[in-house]
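Descriptive structure summary
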Amino acid sequence: MSVITHAPTPTRVLDALRSPRLLTREVLAGIVTALALIPEAISFSVVAGVDPAVGLFSSVVIAIVISIVGGRPAMISAAAGSVALVIAPLVREHGIAYLVPTILLGGVIQIVLGFLGVARLMRFIPRSVNVAFVNALAILIFTAQLPNLFGRDVPVIVWPLTALGVAIIVGFPFVTKAIPAPLIAVAVITVLTVVFSIAVPTVGDEGALPTALPGFNGVTTPFSVATLQLIAPYAFGVAIVGLIETLLTAQLVDAVTETRSSAWRESWGQGIANVVSAFFGGTGGCAMIGQTVINVKTAGARTRVSTFVAGASILVLTILLHDVVAAIPMAALTAVMLMVCVATFDWHSIRPRTLRRMPLGETAVMVVTVLVVVLTNNLATGVIIGVVVASLVFARRVAHVVTVEREPIDEHTVRYRVRGALFFASSNDLVTRFSYAEDPEHVVIDMSDAHVYDASTVAALDGVEQRFAQHGSTVEVVNLNTASTALHGRLSGELG
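Residues numbered from 1 in each chain as written. Predicted model: local features only at pLDDT ≥ 70, side-chain atom pairs only at ≥ 80, totals over all residues. Heavy atoms only, no water.

Some words on the overall build of the protein chain
Threshold: Strands here are runs of E lasting at least two residues and helices are runs of H or I lasting at least four, both read from the DSSP assignment and numbered beginning at the N terminus. Any residue under 20% of the maximum accessible area for its type is buried, any over 50% is exposed, and the rest in between are partly exposed; the area is computed with a 1.4 Å probe on protein chains only. We get accessible surface area from the Shrake-Rupley algorithm with a probe of 1.4 Å; when it comes to residues, only the shown protein chains can shield them. In this count, Lys and Arg are taken as positive residues and Asp and Glu as negative ones, while His and the chain termini are left out. Where a charge lies is defined by one atom per residue type: Lys uses NZ, Arg uses CZ, Asp uses CG and Glu uses CD.
Secondary structure assignment for the protein chain yields 21 helices and six strands. Counting only C-alpha atoms and orienting by the principal axes, one finds that the protein chain spans roughly 100 × 65 × 45 Å. For the protein chain, the residues scored as buried account for 50% of the 496 residues in total. When the accessible surface of the protein chain is split by element, carbon and sulfur atoms take 65% of a total near 23,100 Å². Across the protein chain, the mean location of the 29 positive side-chain charges is 10 Å away from that of the 30 negative side-chain charges.

This is how it looks when you write it as structure tokens:
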């Protein structure tokens, strides 16, 4: 029998630098990823309501910083759609002046949450909420493109151009995957509009593009309690949404590379990247699933070198090709974003076969989460409510698992066997599961197949003992495990 072994996957920068072949792979992967990042960074800038230069420089700063301080080598972080959707209402309703302090505060919150180990709480977010998160993100990105297609001053020619862009993105990978299909779509549509002088909205119409290196701006908005009250909800949304998408993406890379990342380091690393981005006037961001897949799966990157090169390449390309980027039609970027929606949405989750097999409670959690996100236009709110609903569904399901069986021993003794996890949801009706008037003077409650989790259960057991005492019976609770014995001994008789 033959045994196939694989060479260890390089995950350290020094490993890549010592090998010309690996270094070439990492550099090329970074450049290809940058080419795929530029259209989306510009598109997300439009979604956020800021100049394209803001989104581009945010991507540069975040990618370079996270390549140094991040916890997941080869993962791509930049100006992301999820964060853009959080800050878009702030910019639209209160102006761009509040953008920097919001991203700054969001980054600080991420740093604090990272050092508090909040990344470990990701395991408490059920799959149904994660799926709803990405589906709702896709829906919000889609709705953000509608003004580019159905706005008052949008010419009809935009529709066929957008359709052409979608067709290229779908079909070009069948020709070659060496060049990102979105980049080809942008190039083809730009050439068509320039050669045939087709008048359509362009990136240059959306705002200023960079012509030089970004400067250090700092915070110009006066700090006050009113300012904090205004930006705090948006900053919290930036922090939570960014961490969720980042840690989900890190899990994906872990699976592809068969290595483990540091969720703790990635959490506070994202915070540092957002703080630095804020001081350069950026929109903030997080890990990007699509670009990470290109970098890791398509281009084969494994180290921080690729992430650093991606950020540096965006800076060089946007400054050198300033006039070219300004001429890109918005129809091309709309096509890119529509395909981002298609790629982001978990279509498997809404297949009839999947829905038939999925427990009704989990389907309800997904629907509620998506509806909350769409109605509130807030991903963080949707995730929080989704987790709450999922917890209630789980508690209700577990509550019905507890059983109480009555077993007469002799004319003076009866034994009850309690089985299941006993906590507030499952123990509330425990008092009603016993035959107080019919039982003899000695009652044994066997807890060998049960576990006491909280004070509600201890109070319920006390209530059972009191009810039996009123009927002249004595109760003996036996076979509690060690943890249950400690909790019961500490709280029994102390809960009123």
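Let's talk about the layout of surface pockets
This is how it is decided: Note on definitions: the grid is 1 Å and covers protein atoms alone; a cavity is a set of points where a 1.4 Å probe fits but cannot get out; a pocket is an open set with protein on both sides within 12 Å along at least five of seven lines; lining residues have an atom within 4 Å of a point. Grid points are joined across faces, edges and corners, and a volume is the space filled by probe spheres set on the points. All residues other than Ala, Val, Leu, Ile, Met, Phe, Trp, Tyr, Cys, Pro, Asp, Glu, Lys and Arg, Gly among them, are scored as polar; the first ten of these are nonpolar and the last four charged.
Volume-wise, the largest pocket comes out at about 1,100 Å³. Around the largest pocket sit 38 residues that line it, and Ile289, Gly290, Gln291, Val293 and Ala343 are the ones nearest its centre. Counting residues per element, the ones that place at least two in the lining of the largest pocket are helix 2 (20-48), helix 4 (81-94), helix 6 (127-150), helix 8 (181-195), helix 10 (225-257), helix 12 (289-298) and helix 15 (330-344). In terms of residue count, the dominant contributor to the lining of the largest pocket is helix 12 (six residues). The class makeup of the residues in the lining of the largest pocket is 25 nonpolar, nine polar and four charged.

Considerations on the sheet that holds strand 5 (residues 442-452)
In plain terms, the rule: By this definition, two strands are paired if DSSP reports at least two bridges between them. Comment: axis = line fitted to C-alpha atoms, over the contacting stretch for helices; angle = value between 0 and 180 degrees taken between N-to-C directions. Here a residue-residue contact requires only that any non-hydrogen atoms of the pair lie within 4.5 Å.
Pairing is mixed in the open sheet, where four strands are placed in the order 3-4-5-6. Of all the strands in the sheet, the pair left with one neighbour each is strand 3 (403-408) and strand 6 (474-478). Neighbouring strand axes in the sheet, compared pairwise and without regard to direction, differ in orientation by 20° on average. Most of the contacts of helix 20 (residues 455-470) go to strand 5, to which it runs at about 170°, and overall it touches strand 4 (413-422), strand 5 and strand 6.

Examining unusual backbone geometry
Its identity is not glycine, yet alanine 74 carries a phi of approximately 75°, on the positive side. Within the element layout of this structure, alanine 74 appears in the loop between helix 3 (52-69) and strand 1 (77-78). Judged by relative accessible area, alanine 74 falls into the buried class, the value being 1%. For glutamate 258, which is not glycine, the phi dihedral falls at a positive 55°. By relative accessible area, which is 73% here, glutamate 258 ends up exposed.

Notes on the side chain of threonine 283
Note on placement: threonine 283 falls in the loop between helix 11 (263-279) and strand 2 (286-287). On the basis of relative accessible area, threonine 283 is assigned to the buried category, the value being 6%. When residues no more than four places from it in sequence are discounted, the contact partners of threonine 283 are Val50, Val54, Gly55, Ser58, Ala79, Val83, Ile87, Leu99, Ile103 and Ser277.

Some thoughts on the pattern of salt bridges
The condition is simple: Note on definitions: salt bridges are taken to be side-chain nitrogens of Lys or Arg within 4 Å of carboxyl oxygens of Asp or Glu.
Overall, the coordinates contain nine salt bridges when judged by the stated rule. With its nearest N and O atoms 3.4 Å apart, the salt bridge here joins glutamate 26 to arginine 25. Put simply, glutamate 407 and arginine 417 hold a salt bridge, and the shortest N to O gap is 3.3 Å. Of this pair, glutamate 407 sits in strand 3 while arginine 417 is found in strand 4, placing the two residues 10 residues apart along the sequence. For glutamate 407, a relative accessible area of 30% gives the class partly exposed. Here the residues in one salt-bridge network are Glu407, Arg415, Arg417 and Asp446, joined through shared partners.

A few points about the environment of tryptophan 159
Following the sequence through the fold, tryptophan 159 ends up in helix 7 (residues 158-171). With 161 residues separating them along the chain, tryptophan 159 and leucine 320 place their C-alpha atoms 30 Å apart.

Considering helix 11
Residues separated by three or four positions in an α-helix point in the same direction, a consequence of the helix having 3.6 residues per turn. Test applied: Here the expected length of a helix is defined as 1.5 Å per residue gap, with one fewer gap than residues.
For helix 11, spanning 17 residues, the distance from its first C-alpha to its last is 25 Å, which sits close to the expected 24 Å at 1.5 Å a residue. Those residues of helix 11 lying buried are Glu266, Ser267, Trp268, Gly269, Gln270, Gly271, Ala273, Asn274, Val275, Ser277 and Ala278. Where helix 11 is buried, its residues meet helix 3, strand 1, helix 5 (99-115), helix 10 and strand 2. Count one or two residues on from helix 11 and you reach glycine 281, which has phi positive near 75°.

Looking at the pairing of strand 6
The condition that has to hold: Here a crossover is taken to be right-handed if, once the strands point away from the viewer, the path from the first strand over the helix to the second is traced clockwise.
Pairing of strand 5 with strand 6 involves five bridges; the strand directions are parallel. Considered in strand 6, the bridge of histidine 442 is made with threonine 474. For the crossover that starts at strand 5, traverses helix 20 and ends in the parallel strand 6, the hand is right-handed.

Let's talk about the state of the cysteines
Our working definition: We call a pair of cysteine sulfur atoms a disulfide when they lie within 2.5 Å.
Summed over all chains, the structure comprises zero disulfides. No disulfide involves cysteine 286; its sulfur sits 15 Å from that of cysteine 341, the nearest cysteine.

Some remarks on a nonpolar patch on the surface
Here is the rule we go by: Patch membership needs two things, relative accessible area over 30% and no salt bridge, and members are linked within 9 Å if like-charged or within 5 Å if nonpolar (Val, Leu, Ile, Met, Phe, Trp, Tyr).
A cluster of nonpolar residues, Phe236, Ile384, Val388 and Leu392, forms a patch on the protein surface that exposes about 360 Å² of accessible area. Mapped onto the elements, phenylalanine 236 comes out in helix 10.

Regarding the nonpolar core
Nonpolar side chains in soluble globular proteins generally cluster together in the buried interior. The condition that has to hold: Buried residues of nine kinds, namely Ala, Val, Leu, Ile, Met, Phe, Trp, Tyr and Cys, make up a nonpolar core once their side-chain atoms join them within 4.5 Å.
Judged by nonpolar contacts, the single largest core of 88 residues is most densely connected at Phe133, Ile141 and Leu379. Looking at which element gives the most residues to this core, the answer is helix 6, with 11 residues. With residues up to four places along the chain from it excluded, the contact list for phenylalanine 133 reads Val241, Ile244, Glu245, Leu248, Leu379 and Val383. Residues Met447, Ala450, Val458 and Phe468 belong to the second largest nonpolar core, which totals 23 residues.

What to know about the packing of aromatic side chains
So the rule is basically this: Ring geometry is summarised as follows: Phe, Tyr and Trp rings, the Trp one being its six-membered ring, pair when their centres sit within 6.5 Å, and such pairs are stacked at plane angles under 30 degrees, edge-to-face over 60 and tilted between the two.
Following the criterion strictly, the structure yields 11 aromatic pairs and no others. Seen from their ring centres, phenylalanine 115 and tryptophan 268 are 5.5 Å apart, and the 10° between their planes marks the pair as stacked. With phenylalanine 115 in helix 5 and tryptophan 268 in helix 11, this residue pair connects regions lying 153 residues apart in the sequence. For phenylalanine 115, a relative accessible area of 51% puts it in the exposed group.

Section: empty space enclosed by the protein
Applying the stated criterion across every chain yields a total of three cavities of 30 Å³ or more. Contributing to the lining of the largest cavity are Ile66, Ser67, Gly70, Arg72, Pro73, Ala74, Met75, Ser77, Glu266, Arg304 and Thr307. The class makeup of the residues in the lining of the largest cavity is four nonpolar, four polar and three charged. Looking at the second largest cavity, its volume works out to about 40 Å³.

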